[in-house]
Structures are given as structure tokens and as C-alpha cells.
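What follows is each chain in one-letter form.
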There are 2 protein chains.
Amino acid sequence: MKIIGEKINGTRKRVAQAIEERDANFIQDLAKRQAEAGASWLDVNAGTHPNQEADDLIWLIENIQSVVDIPLSLDSANPAALRTAIKAVNKTPMINSISGEPQRLNGILPIVAEHGCQVIALAMDENKIPETSEKRFEIITKIIEATRAHGVPDSNVYFDPLAMTISTNTQSAMIALDILRRVKQEYPEAHLTIGLSNISFGLPARSFVNRYFLGFAIQAGLDSAILDPLDREIQAAILTTELLLGRDAHCLNFIRASRKGIFDKPVD
Amino acid sequence: MKIIGEKINGTRKRVAQAIEERDANFIQDLAKRQAEAGASWLDVNAGTHPNQEADDLIWLIENIQSVVDIPLSLDSANPAALRTAIKAVNKTPMINSISGEPQRLNGILPIVAEHGCQVIALAMDENKIPETSEKRFEIITKIIEATRAHGVPDSNVYFDPLAMTISTNTQSAMIALDILRRVKQEYPEAHLTIGLSNISFGLPARSFVNRYFLGFAIQAGLDSAILDPLDREIQAAILTTELLLGRDAHCLNFIRASRKGIFDKPVD
């Protein structure tokens, strides 16, 4: 299970402020802590100012890269901003994200293909997210036809089934798990990812819903997720799930994490 | 998910002492708290003194029944003690347990059949627990032939696949889950149960292993478990799993439990 660290996201108030004020220390601290906690990529989202997105992305990228050396996930739907920003990265980045929307496919896939990027592909179309797993899987099929047509290998595509909140549809988790299993079955070279926290939107005790959902998703084939790597309960969910699935030889990762205090109760 | 409350067990030191000293208050308190926490049965194990097991069981049963009215699970491999004790119960009890061992089947199944009891059946033979799910499933097949031959309906049989510790075989959880799924497939009328805590024996952070394993087991078809109903993290695992599996209409059980504080951090 690989983690895409979600914390450098300009749609969050505190991060937006740091971008606005060019507070490099704040961003670099988020970058270092996520990398130390085991993130494989750092998501970089410059927020909601389209006319300065490229500048903000470049400022973020340069400051992040001055303190960590893991690859980034450039989180933007704006091809022009991506084309500019990608020149500033040291390592081939992931692009977050495409969807079944033709404009987004045509705008972003050439960049993905040209630079050999990994790309997150959302199971949605023209900003609509179908209710059923059948309809979402149809979109996934359309997307993979497009990525293949652009010469992007399946192994560079990370499908996100989209976890809608259970509070409005009690079948939401089952639908997402079903899509994960189907993608793994039909496109075994493709990867699977998920934005975790939406599943519990509007519910109490959200962290319980997120962490058990993550366990079931890993069992269904999930191999990466966009989440907060500093959340010890989430780390514990990943370690415990991999232990139970028989993927932790001699229980070594689990035992080591225990010695590091991952399973201890937070002191706050 | 139904819970068989595990706490009144004479192989535990403190309970053995209470039985020895005829400390009815201690036992009744355990009975009341487990029933209030939602147990559907209370397991009653008189401990390790075979020549006084029947007397101890009757003393336990009478004291428990004076404070709670849920059925009991008589936890004994001793047919003579069971025949005597069963006369003292107010409600048809569960018997815990039979196995593929012929002596145990022949000694206990007539009691189960005569009284219309439910019975827990362990996937083991003559005190040996096979490593593979195939071999354990063969035992389950032998057991169901025996229960049917005695006229016990499949719906009264609760198969326990036996969760061995992951610390000595990293595939232990996968084997148990595989058996759960196979029993559900092959004998859909039969029930599934499990003694939860053994899966984590010898590991650190055992409660994490137990609770995520419980989640996966419920997904695999588990409909009851022998566990500590007073453990809030376990209750949280059950509630969260049933929510994620789409079995909690309007999320009502989850939201109610949240209001009751099930998901709050313990104050100790």
C-alpha cells in the first residue's frame, strides 16, 4: 500500500493562507512530516485561483523539493498550469486527475503521455458521478481506451472508484469495493487508488468509517490511497490489514510499527 | 451479528476464584453487564474441576438466571455435566462445543438433539487442528453429516473455523476467512461463529488485530462471535463494518451508538 500524502492542498484554509503569504516553512514542514511518515508521493494542490495556479504550483514544488526527494502528485485539472509546473519537478510526477470528461482527457492525457507520468483517473463523467458500479465501470472502460490510445501504459493509470458518502446511500462502500474488484479483474496491470475521507462525510465518528473502509478496500485490491499519512489510526489500519491478509512476512512490519508506537493511544 | 458473551469463564483466574468462593455478586455483575451491552447468549464455563463441574455449572446457571433472561451457552465437553446442568436452564441453551472427534459427537449430539439446542462445532478432529482450509472443511463436512444423522437442523449448528494465531502462520486469518466463505456457500442454513482473540496470540497491539479480523470475518459471513461485549472497540468494529456493508438502514444503529459514546476514546 502506497500513500499519496494529501495535506498540501490549497483548498484547505490554512494551506491557502500559507500559499498566499509565501510561508515556505509551513509548507516544508508538511512536506517533511508526510515523507517521514512514509508517503510515496506528496499531492500538491495550489487551490482555487486559476489565473495564478501555475505560479503557485511552481512556488510549492520548488519549496517542497528543497526538503524532500519523493515524487509529487500534481493536483490540477488545468492543462496550461500543469504544462508549466511540470517543468519545475525533479522526478516524474503523478497527475491528479483525469476523468471520463473528453475535455479533461484531451487536455491532460498528452501531458501524461509525453512525460511518462502516472495519472489518477476518476470514475466520473462531465462532473457527474453515476450511482451504480456498472455505469462507473463503463466510464473506466472509456478512460482506459483513451489512455491506451495516447500510449499510456495501464500500469501508469490509477483508477479511483470514488467513494461517495454512506450517509446518503448506504450502498456507497459496497459500490466502491465492487468497482475496485472489477478493475483488478479486468485490467490487472492498472493500479487502484481512492480519496478516503469522503466515504464518511456527514456521519459521526468519521475516522472509524474511514479506517475500516480502507481495510476492506485494501482487501479488494487497493494499492494506494490519498490520505493523511500523519494519522496513526490510518497507519494502524494499513499495517493490521496487511498483517491479516498474510502479506507481512514474519509479522515484521507490524511488530516494528508497534515498537515505534503506531498502535499507542494518542497522548492528546 | 450476535454476540456470545465470553466473560463467565472458569479458566480465568478471577472467575475461578468467584466460583470457588461462591461469590454470586461477582458472577451476576458480569452477567448483567454483558446482557446490557447487547450479548445474545452468555457463555458459561465452570472451569477445570471435572468432578465438580456439574455442581459449579448449576450454581452459575441459577445465579445468572436470577438477574438476566437471555439464553446461555453451556461451555463444556463433558456429557454427564451437560445432562445434569441442562435441567437447570430456563431457556434452550447453546452447547459449546462439539468437534469432529467421534467421542465428543456421540456424547454431546444426543443432548443437542433431545433438547433442540444450538451447538458450536469446531473445525478440528481428535484435538488436532489441520493447517489447511481444505482439511478443516473436510472435518466440517463430517460434522454436518453427524448433526444431520442425529436430526439436528443445520440452522442450529454454529461452525467455528478456528482462528489460529498469525504469529506462527501469517496465513491464519486468510484460512479462517476462506472456511467461513466456504461454509456459507455449501451449507447456507448453518451459522458461523468464531472465538475471536486467538488470532492475535503472541503479537503486540492485539486489539487492533482482533477488531480488523472481526470486520473481515463479518464480511465473509460471520453471524456471531464469542467475545467480550464490554469492549467498546469491538462494538465499534461491528457497528462500522455493518454500516460499510450496507446493512445499517439510514445509518441509524451507527448514529445511535455514536450518541451513546461507543466511538468516544476511553477515559482511562
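A brief report on the enclosed structure follows. Along each chain, residue indices are assigned from 1 in the same order as the chain's sequence is written. Ligands are numbered from 1 and chains lettered from A, in the order in which they are written. Whole-chain, interface and lining totals are the exception, using all residues; otherwise, since this is a predicted model, local features are given only for residues with pLDDT of at least 70 and side-chain atom pairs are given and counted only at 80 or more. Calculation of side-chain values draws on the structure's entire complement of heavy atoms; hydrogens and water are dropped beforehand.

**What about the overall build of chain A?**
The criterion, for reference: Secondary structure elements follow DSSP: runs of H or I no shorter than four residues count as helices, runs of E no shorter than two count as strands, and numbering proceeds from the N terminus. Radius of gyration here uses only the C-alpha atoms, and the compact-globule reference equals 2.2 Å multiplied by the residue count raised to the power 0.38. Only protein chains enter the accessibility calculation, which uses a 1.4 Å probe; a residue is then buried when its area is under 20% of its type maximum, exposed when over 50%, and partly exposed in between. Contact definition: two residues touch when any of their heavy atoms are within 4.5 Å. Residue exposure ignores everything except the shown protein chains as possible cover, and the areas themselves are Shrake-Rupley values with a 1.4 Å probe. For the purpose of counting charges, residues Lys and Arg are taken to be positive, whereas Asp and Glu are taken to be negative. His and the chain ends are not included. For this purpose, a charge sits on NZ of Lys, CZ of Arg, CG of Asp or CD of Glu.
The helix and strand inventory of chain A stands at ten helices and eight strands. For chain A, the C-alpha radius of gyration of 18 Å lies close to 18 Å, the compact-globule estimate for 268 residues. Taken along its principal axes, the extent of the C-alpha atoms in chain A is 45 × 45 × 35 Å. The burial tally for chain A puts 58% of its 268 residues in the buried class. For chain A, long-range pairs separated by at least 24 residues make up 68% of all intrachain contacts whose partners lie at least 6 apart in sequence. Put simply, chain A shows about 11400 Å² of open surface, and 47% of that area lies on carbon and sulfur atoms. Side-chain charges in chain A split into 28 positive and 34 negative, and the spacing between the mean points of these groups amounts to 4 Å.

**Some words on the interface of chain A and chain B**
Quick note on the threshold: The term buried area refers to how much accessible surface (probe radius 1.4 Å) is lost by two components on association, counted for both of them together. Whenever a carboxyl oxygen of Asp or Glu lies within 4 Å of a side-chain nitrogen of Lys or Arg, that contact is scored as a salt bridge. Nitrogen and oxygen atoms within 3.5 Å of one another constitute a polar contact, given that in protein one can donate a hydrogen and the other can accept it, and given that sequence-neighbouring residues count only through two side-chain atoms.
Contacts between the two partners involve 39 residues from chain A and, on the opposite side, 39 residues from chain B. Here chain A packs against chain B, burying approximately 3200 Å² in sum over the two surfaces, 72% of which is carbon and sulfur. The largest per-residue losses of area from chain A upon contact with chain B belong to Tyr212, Phe216 and Leu244 of chain A, which jointly make up 24% of the total buried on that side. Viewed at the interface, chain B and chain A are joined by zero salt bridges. Across the contact surface, chain A and chain B share two residue pairs in polar contact (both at pLDDT 80 or more). Secondary-structure elements contributing two or more residues to the side of chain A that touches chain B are α7 (172-186), α8 (206-219), α9 (232-244) and α10 (252-259) of chain A. Take the side of chain A that touches chain B: its biggest share by element is eight residues, from α8 of chain A.

**Observations concerning the packing of helix α2 (residues 24-36) of chain A against helix α3 (residues 53-65) of chain A**
All names here are of chain A. Put simply, the rule reads: The axes are straight lines fitted to the C-alpha atoms, using for helices just the contacting stretch, and the angles between their N-to-C directions are given from 0 to 180°. These descriptions rest on fixed angle ranges, namely under 35 degrees for roughly parallel, over 145 for roughly antiparallel, 65 to 115 for roughly perpendicular, and the rest for oblique. Take the far helix as your reference; a near helix turned counterclockwise from it by less than a right angle gives a left-handed crossing, and one turned clockwise gives a right-handed crossing. Charged means Asp, Glu, Lys or Arg here, nonpolar means Ala, Val, Leu, Ile, Met, Phe, Trp, Tyr, Cys or Pro, and polar covers whatever is left, Gly included.
One can describe the packing of α2 onto α3 by two numbers: an axis separation of 9 Å at closest approach and a directional angle of 60°. If you check the angle between α2 and α3, you find them oblique. With respect to the hand of their crossing, α2 and α3 are arranged in right-handed fashion. Together, Ala24, Ile27, Gln28 and Ala31 of α2 and Trp59, Leu60, Asn63 and Ile64 of α3 make up the contact between the two elements. Looking at side-chain class alone, the contact of α2 with α3 contains six nonpolar, two polar and no charged residues.

**What to know about the relation of the copies chain A and chain B**
Stated formally: Residues reaching a pLDDT of at least 70 in both copies supply the C-alpha atoms on which the copies are superposed by least squares.
Taken as rigid bodies, chain A and chain B are interconverted by a rotation of 180° and an axial shift of 0.0 Å, the fit giving an RMSD of 0.0 Å. Considering both components of the superposition, the chain copies are consistent with a two-fold axis. Mapped onto chain B, 100% of the interface residues of chain A are again interface residues, and the two copies thus contact each other with one and the same surface.

**A short note on unusual backbone geometry**
Residues and elements named next belong to chain A. Cis rather than trans, the peptide bond between asparagine 96 and serine 97 has omega equal to 20°. With respect to the helices, strands and loops of the structure, serine 97 is situated in strand β4 (residues 94-98). A positive phi angle is found at arginine 22, which is not glycine, with a value near 55°. Examined against the element boundaries, arginine 22 turns out to sit in the loop between α1 (13-20) and α2. Even without a glycine there, the phi angle at alanine 205 is positive, about 50°. Position of alanine 205 relative to the elements: it lies in the loop between β7 (191-192) and α8.

**Structural notes on the pattern of salt bridges**
All names here are of chain A. All chains considered together, the criterion is met by 20 salt bridges over all chains. The salt bridge involving arginine 33 is made with aspartate 29; its shortest N-O contact spans 3.1 Å. Taken together, the positions of arginine 33 and aspartate 29, both in helix α2 and four residues apart, correspond to about one turn of that helix. A relative accessible area of 37% places arginine 33 in the partly exposed class. The closest approach of N and O atoms between glutamate 114 and arginine 83, which form a salt bridge, is 3.4 Å. With glutamate 114 in helix α5 (residues 102-115) and arginine 83 in helix α4 (residues 79-85), this residue pair connects regions lying 31 residues apart in the sequence. Since its relative accessible area comes to 56%, glutamate 114 is described here as exposed.

**Notes on the packing of aromatic side chains**
Going by this rule: Planes of paired rings set the category: under 30 degrees apart is stacked, over 60 is edge-to-face and the rest tilted, where pairs are Phe, Tyr or Trp rings (Trp by its six-membered ring) whose centres lie within 6.5 Å. Any Lys NZ or Arg CZ that is within 6 Å of a ring centre and within 35 degrees of that ring's normal is treated as a charge sitting over the ring.
Within this structure, the stated rule accounts for ten aromatic pairs over all chains. Ring centres of tryptophan 41 of chain B and tyrosine 158 of chain B lie 5.7 Å apart, and the angle between their planes is 80°; on these two criteria the pair is classed as edge-to-face. Pair noted here: tryptophan 41 of chain B is in strand β2 (residues 41-44) and tyrosine 158 of chain B is in strand β6 (residues 157-160), with a separation of 117 residues, a long-range link. Tyrosine 158 of chain B matches tryptophan 41 of chain B in its accessibility class, with the two residues each being buried. Through a chain of ring-to-ring contacts, the aromatic side chains of Phe208 of chain A together with Phe254 and Phe263 of chain B assemble into a single cluster. The ring of phenylalanine 26 of chain A carries the charged tip of arginine 14 of chain A above its face, separated from the ring centre by 4.0 Å. Positioned above the aromatic ring of phenylalanine 137 of chain A is the side chain of arginine 182 of chain A, whose terminal nitrogen or guanidinium carbon lies 4.4 Å from the ring centre.

Without other data, these values stay purely geometric and don't point to any function.
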